[in-house]
Structures are given as C-alpha cells and as structure tokens.
Amino acid sequence: MTDSTGVLSESVQMYMVNILRLAKHGQPVPLSQLAASLDVSPISANQMCRKLQDEGLVIYVPYKGVSITPVGEQVAMRVLRRHRLWEVFLVGNLRMEWAEAHETACRLEHATPDEVIERLDAFLGHPRVNPQGDPIPAATGALPAAATRTLAELEAGQRGWYLRCTGDEAACSFLAGQGLRPGAELHVVVVSSESLLLDIAGQNVAVSRAAANTIQVEPDGRSVDPAQVHTQSVEEPAPDRFHQPQSTGSTLSTLGVGQSAVIEDLHGGHGFRSRLAALGFTPGTAITMVRNLRRGPIIVSVRDTRIALGRQEAQQVLIRPEGRDHDNAKQ
Amino acid sequence: MTTPSSKRIRVALAGQPNVGKSTVFNLLTGLSQHVGNWPGKTVEQKSGTCSYREWTFDLIDLPGTYSLSANSPEELVSRDYIIREKPDVVVAVLDASALERNLYLVSELLPLPAPVIVALNMVDVAEQQGLKIEPHVLEAALGVPVVPLIATKGRGIHELLARIQDVVCGTVEYRPNIPSIRADHQSVLEQIEALLGDCIPADYPRTWVALKILEGDKQLTAMLRECLPASQWSQINNILRQHEDACLAVASGRYEWIGRMIRAAVFKPRSGQITLTDQLDRWATHPFWGLAILAGILGGTFWLTYAVGMPLQRLIDRYIVHTAAVLAGHTLASTPTWVTGLVVNGMINGVGMVVSFFPILAIFFAVLGTLEDVGYMSRGAYVMDRFMHWMGLHGKSFLPLFLGFGCNVPAVMGTRVIESERARLLTILIAPLVPCTARMAVVAFLAPAFFSAPALVSWGLLAVNLLVLALSGVLINKVFLKGEHVAFIMELPLYHLPSPRTIGLITGQRLVSFLRKAGTVILTVSVIVWVLSTLPHGDIESSLLANFGRLLEPFGKWMGLDWRMIVALLSSFVAKENAIATLGVLFGTANQVRLTTLLRSALTPAAALAFLVVQMLFIPCVATVGAIKQETNSWRWAMVSVLFLLVVSLLGGVLTYQVASRLLH
C-alpha cells in the first residue's frame, strides 16, 4: 500500500505533502492548520489523520498535531518531487505564472507515472530547485544534500545566494520585504555573537542569529548559482521573475548621483518590463542618476523625464558604463 | 473616414499623464463637463461639449496613460474606446519639453483606425529650456496635423478646433507615417500575422494585433488562445517563446522611429542648463529637507484652512444660518409648532451646520488643487515612500491619504492611482483614519469648550489618529493582507505655475459632490434625528432617540458618556459634522456659545477627551462607506472597514477615559 505513490489515493497524497510542507523544525503540525491548508473541515482532517496513523504514515497526537513517519516522508517526498519538477516545467517551458503552475502541478503530480517523471527530470536537465527556490527531492526520496547552509554558518566577507526561509511567516515576509527573495545575492558584512549584518544589493540589513538559523543559503564557491539553475536546466530562458541581476553586471541602484550610464537590459516580470520600456527604459538608452541615497527610492532622468523608482525596481535595471558598445548591444 | 451628417464631431483626447491634457479639456469644455465612470470600470470618465463655428464637438477625455498595452485598466479603456467606439478624431496632447517620451503614445495611436491630430502643448516651457521645435517639420515627419499649443494661456485652441474640422471634412491630406517594427523582428511579425487566421475581432487592425501579441499583451493573447485551433496556437506560442524579449524590441523599435522624428523636427537641442525644476527638487526630494518641506506644507495648509476658514464659518453661521432660522420662525409663526420645529430645528440647523463649514473645505481643496497643479504632490509621495513601506505600501498611496484630510470620499476614490489591487485595498481600509475637515471641525468646536490649550489637544488628537493609522496599516499588512512587493514607478513632472482655471474646476467639482451629499443625505438625516427626538410626546427627554440612547448608556459609561453623546456619535455615521448639529438639537439650542456652556456642565474633561478620540476614530460616514463599496466592488470590505473602525474607536475611547479620568483627578 505504501510502496508506490500510484496506489495511494489522491487525497492521501495531498495530506502527506501538506504535512511535510507545514512541518517546521520537526514540530507536529496542528490539525487546524493542516485542515485550513487543505480546505477541509477539522473533523474530516481528524478522521483522515487517524486513518493515516493506522497505515503507519503519520503519528497523530490529539491536541498537538501530526508528524510524519520515515515511511510517510518517503511517500510525501515522491509526490513533492513530481510537484516541483512539474513546476519547473510549467514555469520554465510553458511560461506560466507560478501560482497557476503550482495549481496545475497539484493535479499533475497524482497522475504522473514514475517513468514519465524520470524522463521529465532528464528533459529539464535534473534541476535541483523549483522556481521558488525549494529543493527538489531525488528519485530516492532524499532531499539533495545540496550546498545549502543556514545563513548563520556563513562567515564575515562570505557571499551567498538566498534560497528560502523556514522561520515563522512574519519573519519570512519581513525578509522578503527587504529584498531577500530566492536567488538574491547577499554578502555577510559583519558577524557578531548576536547578529549578522548583511549587504543585500547595496542595502544593509541586520539579521538576528536566531533568524539566520532559519534562513537557507547557497554559499559562494563550487555551489550552483541559483540563477543559473533555472536558466541552464530549462532550455528556454526562464521566466523573467527569476532573472535576478548577476553579481557581475552593475544595476541601476549602484549608480552614483550625477553619473550617467547606458541601460543594458531589464529584468523582472513582463508587466514591469513593459511599463518601464514604455517610459523609455529601453536597452541602449542613456540614463542619469538624480538622487540615490543608498536606501529608499531613487530618482533618475531618462529621455528628459524624471522618474522615481523603488530600490527593488532599480535593482532590476542592468546598466553599463556610457560609451561602451554604444547602441549595438542588442542588435 | 466618415463625414458626420449632423455637424457633430466626436473627439477623444489622449495623452500621457502630466502633459496638461486636463487643462486642454477644461479649456474646451468649461462647465459643460460630465464626470462619471467608464462602464464596469473604476476609471474616471470625463466628457463634455464645445462649439466652434457652427459645429458641435463632443469631447471625451481618455485616461492619461504612457502607452496602450494591457498593463492597466486605464490603458485598456483607452484603446478599446478608440477601436470600438471609433471617434472621428483622436487628439494626442504632448508635452513639447519631453517630446521623445511623449511621442511613444503617438507611435501606439497611429496604427489604430482613428485619425490622429497632435496638440503640441507647453511649447513655451520647451522654449525656456532652449529647445526649438519646428511644428511644420514634425507635421511632415509624422504625416499628421501638428498644432502648437500653450494651454495654460489658452493659445492655439482655435487652431486646434479648426484643424479637427479640416481632418473630419477631408480637406487636408491625412497620411500618417506609421512606425514599423525593428528590422530583426519583421519576419517574426509576419509569421504571427499569417498564423492569426480569421481570429481578428472586427475593427482590430491585423498588424496591430500581431504586434501586440508579440509584445506579450495579456488581453489579446487570452482572446486568441480561445479562438485559434490548437495547432496554430502552439505555433504562435513557439515563436513567442523564442522571442521572449520582444516587448523590449518592440519598444526599442518605436523609440528608434521617434528618434528619427526628433532629429528632423527639433531644430536646436536642449542647452543643458539646470532647470528650475532641478533646483527646486534639490530641496523638495532631499531626505531631510524634503520631509521638512512636506511637514511645512501640511502645517501651512491646515493653518490656512482653519485660520481663514473658521472666521468665515462663524460669519456664515451668525448671519446666514441664524437669519434664515429667524426668518423661517417669523414666516411660519401661524403654523403649528411642529412645523416650525421641523423647519427651524430639523432642516435649517442641520444643513446650516454643514454649509457653514463649506469655507473650510473650499480652502483645503483649493490649496490641495494648487499643490497638485504645480506638480508638488509626486515629490511628497517620493519623500513618503520610505515610510509607506512599513505598511507594505509605496509612495503613491500617500497621495489619496493626503486628500483624506479634506474628505475621505475623494481619498477612497483617489486610490485609483495605485496599480496593485492589494495595495489599493489596504490604502482604502486605512484611509478613513485620516481625520477629515468635518471631524477636525467638531474638534475645533469642542476642544476650546473644555480645554485651556485647545490647539495642543487638537494636534494631539491628530497625532493619535495618524499613529493609529500607521499601526493599523502595519497590522493589516503583516497579518491580513500579506502579499507581494509592489513596483514603485512614478513620474516627477516639471514644476509649473498653477493655472487658476484648472484649480478652480477641480475645487469646484469636489465641492459640488460634497454639497450634493450635504443637500440630500445630511438634510434627510437631520430631519430624521429631529423627528426621532420629538416623537412621541414632543420633548427630547422622553423621545424615541433618547430611549435608544439610554439603551446604550451602559456601554457609554465606560467612556463617561451619557445618552446624548452616544446619539451624537451615532448620528456622525451619517456625516461627521452631524455630531454638533445633533448635540444642538438634543441640548435644545442652535446657539453655539450656549451649546458650549451646556456641554461643559454635562461632561467631565476626561469624558470630553474620550468623546473626541472616539469621534476622530469612529466608523466612516455613509458617503465614505458608499465609496468603499463602489471602489472595492464588495459590501464585504465596506463592512470590514466599519467593524474594524468600530472596534478601534471604542477601544480608544474606553482607554482614553479610563486613563484620563485617573490623571485629571
């Protein structure tokens, strides 16, 4: 019954994946939270969890919640592998929005035979993370013992790429607001016993050691650049939202006041790029910085117009020094 | 091109934001404007008429947009109107001093079926900057009529109308130079065009649809996916995937075309001097001075509003409202007492209270209109961006919130400038916490009655409101409306001298909508309050209203408020300024001085403070709730807003009373 995902009913699979997803730090998942995530009543969640316990997939402690057994984890990992590989395909190759891809993957994951999923894996070039930066379990059910570390393990001066946040949601959404999104580059500036000072694209952010323990990063070195995971594994250029500026290209946010440069490329979502392009931010255009305080929004002058841009928006505009490769970069 | 039979010409006005399009529109239509919404959209639609020679022009003001992609409802509205409604002429208003960016919209308008006339506005500003543009060369280059204009001085308007007639009558040659796509994408475009088959909706130009598909236009792409057979669609999809960056290529192509126009028509380029705008912005967008200037402008606005508005208000109250009440009393002397009571106490006092603080609102709206027209407001938004981020919003949300100091209704409507749904909803939810002039008027009336330092109390209450607003914003953002980052992209227009006409029209429109509210809702309710306070025995103490208020008195006890204050609070749901009018009715006097004395004997200072805190934070007025429902398109959010503020205000009141009664003893 438990040795092949094909035999398990779809709802069992959904339960297992959600328990795995919601489990943090090995704590049991409260039943109410599980029920909400599956959009079912707590009563039916209760019944199902007892049934799953009988099958040896979970351990259910009333009033505390459910935790997953090693066997259950194996089952969930297989479904998760299917889900995340489909996500890579749907987002990368079919250019779907992530939310849409996630929903579609939820349906495909139950209908995909092992053989097909291995072919899909090969077709995609064995990606290691999904478009959100979550790791894709191996066919054995094991999560890749990737070069992921927690942020707290990095040393001062070391560079890395943010992968994901496993802490509580308030902390995670705060970090997202600070520009820390999957694939974002970060530098550790100073490390103390209490906290770490990070440089995220020119902005300094202090992170407590406790929070740093919940943040997974890929340290610089032999590890795979997360931006490349997407562009290489998928033959098409991956959808724009994962086009994070590379460390080598300078972004508009680093341009000093009074300095001029030439726009090289735009990153970010389609709507964002199209809006900027209409305002005259096209590759090859000269751009002058009017105000840049190293934090907060900037003001630039493009085609005789002053435009205010949020710092995160400015980080999506790649520039090169004036006068080089003039006007021919894209042609 | 069709020649209209009845000598009526339908003209659509298009243009990017901040190019003086509304000035042109106001100049043409004057007071004949009709302001409404586009069907099914929360996008403002302005229309109006004007006559020239024996012709009538029906003008429609399209929303200001930078392009015609499907990125915003405004852009969709504009292009759908041009394609489906087929105006006789589209007038593209351009800012001559930023011609390059402005011609982008023209490059999008030209491929559409309606003939285009270019109104080259702000030629005076361009000249000041050392730019020399030759309109007739631009005309030859574009292949469409170009009319130079200085809308702020009314120059060039007649020429514009004459050229519109010429085009409609076909007396001038109309041969537009339509921009072509960059050479490296030409064959791709042709491939897509060939694959489109019969799926082009009527009236849509084929090449244009193909171009939009290549650009990644969401609306048209979805439409085609529905219509095309799967095999053809997958071919198109393949092409699109190989040309992911086509949206940049198409935009670059348009700008290359624009570059050629500019090189032809701009006789002398900009001299590179530091403009006045640069000089002013050095201060206005400075991280410290910018904030100081914003605070100064805010403070100055309030000072002007109340210092000039309050004496005027007293004059109106003393002479007009009082005289009306006395006159009505004399005229109705022979009628039964209840008629006199209804007219004098119910109607004249209720509406009089509203009309009397009309000057305050007029001054505030005029000052704000001036700031908008001068071009300062976007600087304020820029400076405030840092702080708005705490609430998960960005600078643009500051604009509607600022408007809320005048009246919350335009604030809720003003959230339309915010692109993201989530940020818009959040701004709508916190907007009623901005104390409007109506609430400040209540404070201005009551604070001097109870406190020796009324100014301090008023500023304190204002600060409390803003603090609660910020905390609510952070709370709602962190707990309920978590969401994605919203892109902050905003143009900082050039400063220019304010145009009294534009300011007058904006102020007038806002005041008229306010008066309409005062004339209907508030009149009705002050009559209802009077009736409820009279029935069944003719005196207040035993009236229905009193009984209802007494029913709620146990809750009021926690805030030190008796039933009359509770009824006053309830009536402020109709309109904030009603609180005073109701107190007037309940305490049986229309005389403000006497009312103050009566209130002082009825309330302890702690209770008065609690009352002020509650009424400042209280549920939004009916008109605001209506606006919230209209803008969010859901009763649910309107109810959420009411419940949220009910809880916040009552908590605030109880807390204030309990703390203040201990401190003040």
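As a reminder, the structure under discussion sits directly above these lines.
In this text, all values refer to a predicted model and were calculated from it rather than measured experimentally.

(A) Focus on the overall build of chain B. Per the secondary structure count, chain B includes 30 helices and 10 strands. The buried share among the 665 residues of chain B stands at 48%. Of the contacts made within chain B by residues no fewer than 6 positions apart, 73% connect residues no fewer than 24 positions apart.

(B) Looking closely at the overall build of chain A. Within chain A, the regular secondary structure consists of 11 helices and 14 strands. Across the 331 residues of chain A, 43% fall into the buried class. When contacts within chain A are restricted to residue pairs at least 6 apart in sequence, long-range pairs at least 24 apart make up 60% of them.

(C) How the structure looks around the interface of chain B and chain A. Each partner contributes to the interface: chain B provides 35 residues, whereas chain A provides 37 residues. Secondary-structure elements contributing two or more residues to the side of chain B that touches chain A are helix H3 (99-109), helix H11 (246-265), helix H16 (377-388) and strand E10 (489-492) of chain B. Tallying contributions element by element places H11 of chain B first for the side of chain B that touches chain A, with 5 residues. Two elements, strand E13 (residues 305-309) of chain A and E10 of chain B, share 4 bridges in a ladder whose sense is antiparallel. Bridged to Ala308 of chain A within E10 of chain B is Met490 of chain B.

(D) Looking closely at the sheet that holds strand E5 (residues 185-191) of chain A. Residues and elements named next belong to chain A. On the basis of which strands lie adjacent, the open sheet formed by 6 strands has the order E3-E8-E4-E5-E6-E7 and antiparallel pairing. Only two strands of the sheet have a single partner each, and these edge strands are strand E3 (149-150) and strand E7 (203-208). In the sheet, E5 pairs with strand E6 (residues 195-200) via 4 bridges, with the strands oriented antiparallel. Within the sheet, the bridge partner assigned to His187 lies in E6 and is Asp199.

(E) Focus on the environment of Val355 of chain B. On the secondary structure map, Val355 of chain B appears in helix H14 (residues 337-356). Spatially, the C-alpha atom of Val355 of chain B lies 9.7 Å from that of Ile320 of chain B, the residues being 35 residues apart in sequence.

(F) Focus on helix H10 (residues 270-278) of chain A. Within H10 of chain A, 7 of the 9 residues are buried, which leaves it mostly tucked inside the rest of the structure. Within H10 of chain A, burial applies to His270, Arg273, Ser274, Arg275, Leu276, Ala277 and Ala278 of chain A. Residues of H10 of chain A that are buried make contact with strand E10 (260-266) of chain A together with H3, helix H8 (206-215), H11 and E10 of chain B. One or two residues past the end of H10 of chain A sits Gly280 of chain A, with phi positive at roughly 105 degrees.

(G) Seen up close, the nonpolar core. By size, the foremost hydrophobic cluster in this structure holds 206 residues, and its most contacted members are Leu13, Ala92, Val118 and Ala119 of chain B. In this view, Ala119 of chain B contacts Val24, Val91, Ala92, Val93, Leu94, Val147, Leu149 and Leu160 of chain B; residues no more than four positions away in its chain are not counted. One finds Met14, Leu52, Val58 and Val79 of chain A within the second-largest nonpolar core, a separate group that totals 23 residues.

(H) Here's a closer look at the pairing of strand E4 (residues 159-165) of chain A. All names here are of chain A. Within E4, 5 of the 7 residues are buried, which leaves it mostly tucked inside the rest of the structure. Two elements, E4 and E5, share 3 bridges in a ladder whose sense is antiparallel. Across the sheet, the residue bridging to Trp161 is Glu185, located in E5. Both E4 and strand E8 (residues 215-219) contribute to a ladder of 5 bridges, which runs antiparallel.

(I) Geometry of the packing of H8 of chain B against H11 of chain B. All names here are of chain B. The interhelical angle for the contact between H8 and H11, taken along N-to-C directions, is 130 degrees, at an axis separation of 7 Å. Between H8 and H11, the angle is such that the two are oblique. Where H8 abuts H11, its residues Leu211, Leu214 and Glu215 lie against Ala246, Cys247 and Val250.

(J) Representation of the sheet that holds strand E1 (residues 8-15) of chain B. All names here are of chain B. In space, the 7 strands of this open sheet follow the order E2-E3-E4-E1-E5-E6-E8, with mixed pairing throughout. With one partner strand each, in any of the chains shown, strand E2 (34-37) and strand E8 (146-148) form the two edges of the open sheet. In this sheet, neighbouring strand axes are inclined to one another by 25 degrees on average, regardless of whether the strands run parallel or antiparallel. Relative to E8, strand E6 (residues 116-121) is paired through 3 bridges, and the arrangement is parallel. Each bridged residue has a counterpart across the sheet, and for Leu120 the counterpart in E8 is Pro148.

(K) Layout of the packing of H3 of chain B against H11 of chain B. Residues and elements named next belong to chain B. Close contact between H3 and H11 brings their axes to 9 Å; oriented N to C, the two are set at 120 degrees. Between H3 and H11, the angle falls in the class oblique. In terms of crossing hand, the pair formed by H3 and H11 is right-handed. Side by side, H3 and H11 meet where Leu99, Glu100, Leu103, Tyr104 and Ser107 of the first sit next to Arg254, Trp257, Ile258, Met261 and Ile262 of the second. Grouping the amino acids of the contact of H3 with H11 by side-chain chemistry returns 7 nonpolar, 1 polar and 2 charged.

(L) Spatial organisation of unusual backbone geometry. Residues and elements named next belong to chain B. One non-glycine residue, Arg53, lies in the positive phi region at around 50 degrees. With respect to the helices, strands and loops of the structure, Arg53 is situated in the loop between strand E3 (44-52) and strand E4 (55-61). On the neighbour-count criterion, Arg53 (9 C-beta atoms within 10 Å) is exposed. Phi is positive for Asn633, close to 60 degrees, though the residue is something other than glycine. Mapping Asn633 onto the fold places it in the loop between helix H29 (622-632) and helix H30 (635-663).

(M) Molecular detail of the environment of Pro605 of chain B. Residues and elements named next belong to chain B. As for its placement among the helices and strands, Pro605 is situated in helix H28 (residues 605-617). The spatial distance from the C-alpha of Pro605 to the C-alpha of Gly560 is 9.7 Å, given a sequence separation of 45 residues. Sequence-distant contacts of Pro605, defined by excluding residues within four places in its chain, comprise Phe450, Phe451 and Leu664.

Calculation criteria
- Residues numbered from 1 in each chain as written.
- Chains lettered and ligands numbered in written order.
- Predicted model: local features only at pLDDT ≥ 70, side-chain atom pairs only at ≥ 80, totals over all residues.
- Helix = DSSP H or I, 4+ residues; strand = E, 2+ residues; numbered from the N terminus.
- Buried ≥ 20, exposed ≤ 12 C-beta atoms within 10 Å, placed from the backbone.
- Contact = placed C-beta atoms within 7 Å.
- Pairing = 2+ DSSP bridges.
- Core = buried A, V, L, I, M, F, W, Y, C linked by C-beta atoms within 7 Å.
- Axes fitted to C-alpha atoms, helices over the stretch in contact; angles between N-to-C directions.
- Parallel < 35°, antiparallel > 145°, perpendicular 65-115°, else oblique.
- Left-handed = near helix turned anticlockwise from the far one by under 90°.
- Nonpolar A, V, L, I, M, F, W, Y, C, P; charged D, E, K, R; others polar.

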